[in-house]
Amino acid sequence: MKAFVGKDVAQAADYLKQGYTVGVPTETVYGLAANALDLIAVAKIFSIKERPFFDPLIVHCRSIEQIADYVIHIPDWSKKLAEFLWPGPLTILLNRNSRIPDIVTAALPKAGFRIPNHPLMLELLWSINFPIAAPSANPFGYISPTKAEHVLAQLGEKIPYVLDGGACRVGLESTIIGEENGILHVYRKGAVQETRIAELTGLPVQLSVNPVTQSTPMAAGMLNQHYAPHKPLFWGNIADYLQQAVPDETAVISFTTNYNEVAKENLFVLSPAGNLEEAASKLFAVMRQLDERSDIKLILAERFPEEGIGRAINDRLKKASSRRSAS
Ligand code: TXA
Ligand code: MG
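The rules behind these values
- Residues numbered from 1 in each chain as written.
- Chains lettered and ligands numbered in written order.
- Predicted model: local features only at pLDDT ≥ 70, side-chain atom pairs only at ≥ 80, totals over all residues.
- Heavy atoms only, no water.
- Helix = DSSP H or I, 4+ residues; strand = E, 2+ residues; numbered from the N terminus.
- Rg over C-alpha atoms; globule rule 2.2 N^0.38 Å.
- Buried < 20%, exposed > 50% of the residue type's maximum accessible area, 1.4 Å probe, protein only.
- Contact = heavy atoms within 4.5 Å.
- Areas by Shrake-Rupley, 256 points an atom, 1.4 Å probe, with all protein chains shown as cover.
- Lys, Arg positive; Asp, Glu negative; His and termini not counted.
- Charge placed at Lys NZ, Arg CZ, Asp CG, Glu CD.
- Core = buried A, V, L, I, M, F, W, Y, C linked by side-chain atoms within 4.5 Å.
- Pairing = 2+ DSSP bridges.
- Phe/Tyr/Trp six-rings, centres within 6.5 Å; stacked < 30°, edge-to-face > 60°.
- Lys NZ or Arg CZ within 6 Å of the ring centre and 35° of its normal.
- Axes fitted to C-alpha atoms, helices over the stretch in contact; angles between N-to-C directions.
- Arc of directions from axis to C-beta.

Q: Residues and numbers for the overall build of the protein chain, please.
A: Across its full length, the protein chain holds 11 helices and 15 strands. Relative to its length of 327 residues, the protein chain is compact, with a C-alpha radius of gyration of 19 Å against a globular reference of 20 Å. Once the C-alpha set of the protein chain is aligned to its principal axes, its extents read approximately 60 × 50 × 35 Å. A buried classification covers 59% of the 327 residues belonging to the protein chain. Considering only residue pairs separated by 6 or more positions, the protein chain has 68% of its internal contacts joining residues 24 or more positions apart. Counting only carbon and sulfur atoms, one obtains 52% of the accessible surface of the protein chain, whose full area is about 13700 Å². Computing the positive centroid from 32 side-chain charges and the negative centroid from 34, the protein chain places the two 3 Å apart.

Here it is in structure tokens:
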């Protein structure tokens, strides 16, 4: 049985209330949702994704008032961020209370909370009386889905329903942040920048996204290889690679550059106008498309400008290419 795809929020809510998992849209990427308070439903997420239990899930809520029911307290710095950046592509780690089951956080004392900014997802959250645990709706380690059809293609046999909210506006996973000893740490880069977080909170902000390879990373997004296509992807200065590559079998992902030596159907200029947000929103769909094309054997991706969401784009490309590329 393949999942149904539709825009019926009441249908999605019914499945969640019955303990099923469903695909849901957010502004970042699609999530694989379950009732965060239902241990068995949450366990299904891990088996469907083949995700290790050490990798904690983000808890999606509709309001700060709802989050207050599941944390020990809401520190001032997080109130500021919530006020200005939620609903939005930011996940905040907060000390949870015992109402959040251990399975959701891999038994860690903190849980990641996020109020997502997508009208259908918010409508769904308002139509149920529990928070939604949801990782990205892809098999563990693969590229996150940014369209309902991506979820259907990979997990469609394992879930009853995908709530179709169209293409994700941001297209990269949320920025993850938490506090340790008065310093705010960014554990995953996303659309929200450290400068913005520092400005809003007045606290020092530190990037802590260095890759970890042990079996219990703080965030799986920190694993060396993640978000990866099955095909080899080289990221960096691609000019040298281009000269050696077999033209018919090589695809290029660029920001604005038209590489004349690359065939038109193999060249993906993510934003001819030079808009990094536009490039970010298209990146994962293009990576998927190339992974599925039988004529393509190698993917070359440019280094994007290290500014704004370009930093998160480079982070994902680096992880997609880890251990296979030079520069
Ligand atoms: O944009 C997003 O964040 C999307 C949408 C669906 O909300 N979700 C997402 O979830 O990317 P996931 O599970 O694919 O990635 C969430 C990351 C994981 O790497 C996980 O390890 C980390 O967040 N994380 C979640 N809870 C955590 C916690 N309590 N402590 C440390 N890391 C946590
Ligand atoms: Mg993920």
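Q: Could you give an account of the nonpolar core, naming the residues involved and the relevant values?
A: Ranked by size, the top nonpolar core spans 46 residues in total, and within it Leu81, Leu90 and Phe113 carry the most contacts. When residues in this core are grouped by element, the largest group, five residues, is from helix H2 (residues 39-49). In this structure, Leu90 is in contact with Leu81, Leu85, Phe113, Arg114, Ser174, Thr175, Ile177, Val192 and Ile197, ignoring residues within four places of it in sequence. Among the nonpolar cores identified, the runner-up in size contains 29 residues, and Val29, Phe268, Ala279 and Ala301 belong to it.

Q: Residues and numbers for the environment of Ile177, please.
A: Along the polypeptide, Ile177 turns up in strand S9 (residues 175-180). On the accessibility criterion, Ile177 (0% relative accessible area) is buried. As for Ile177 and Lys189, which are separated by 12 residues in sequence, their C-alpha atoms are 9.1 Å apart. Once residues within four sequence positions are removed from consideration, Ile177 is found in contact with Leu81, Leu90, Thr91, Ile92, Leu93, Leu184, His185, Tyr187 and Ile197.

Q: Kindly report on the pairing of strand S6 (residues 110-114), identifying the contributing residues and their values.
A: For S6, the buried fraction is high: four of the five residues fall into the buried class. Across three bridges, strand S4 (residues 58-60) lies against S6 in parallel orientation. For Val59, the partnering residue across the bridge sits in S6 and is Phe113. Examined bridge by bridge, strand S5 (residues 90-95) and S6 share four bridges and lie antiparallel to one another. If you follow Ile92 over to S6, its bridge partner there is Phe113.

Q: Any chance you could break down the packing of aromatic side chains for me, citing the residues and the numbers?
A: On inspection of all chains with the given rule, the structure shows five aromatic pairs. Relative to Tyr241, the ring of Phe234 has its centre 4.7 Å away and its plane inclined at 25°; by these criteria the two rings are stacked. When its relative accessible area of 17% is taken as the criterion, Phe234 is described as buried. For Tyr241, a relative accessible area of 17% corresponds to the buried category. Members of the aromatic cluster, connected to one another through ring pairs, are Tyr15, Tyr20 and Tyr161. A cation sits over an aromatic face here: Lys44 above Tyr20, 5.4 Å from the ring centre.

Q: Report on the sheet that holds strand S15 (residues 298-302), specifying residues and quantitative values.
A: Pairing is parallel in the open sheet, where four strands are placed in the order S12-S15-S13-S14. The open sheet has two edge strands with one neighbour each: strand S12 (233-236) and strand S14 (267-269). Across the sheet, the axes of successive neighbouring strands diverge by a mean angle of 15°, strand direction being ignored. One ladder, built from four bridges, connects strand S13 (residues 250-254) with S15; its direction is parallel. In the strand pairing of S15, Ile253 is matched with Ala301. Against the sheet, helix H10 (residues 276-292) makes contact with S12, S13, S14 and S15, and its axis sits at roughly 180° relative to S13, the strand it touches most.

Q: Describe the environment of Val269, listing the residues and the values that go with them.
A: On the secondary structure map, Val269 appears in strand S14. Along the chain, Val269 and Asn35 lie 234 residues apart, while their C-alpha atoms are 39 Å from each other. In this structure Val269 touches Ser254, Phe255, Thr256, Thr257 and Asn258, once residues within four positions along its chain are discounted.

Q: Which residues make up helix H7 (residues 148-155), and what values go with them?
A: Structurally, the α-helix is built with 3.6 residues per turn, so residues lying three or four positions apart point the same way. Residues Ala148, His150, Val151 and Leu155 constitute the buried set of H7. Along the axis of H7, the buried residues cluster in a sector spanning 160°; they form a single face. Of the exposed residues in H7, the ones pointing more than 90 degrees away from its buried face are Glu149 and Ala153. Next to the buried residues of H7 lie strand S1 (4-6), strand S2 (22-24), strand S3 (31-35), H2, strand S8 (161-163) and H10.

Fair warning: the whole summary comes from geometry, so function is off the table for now.
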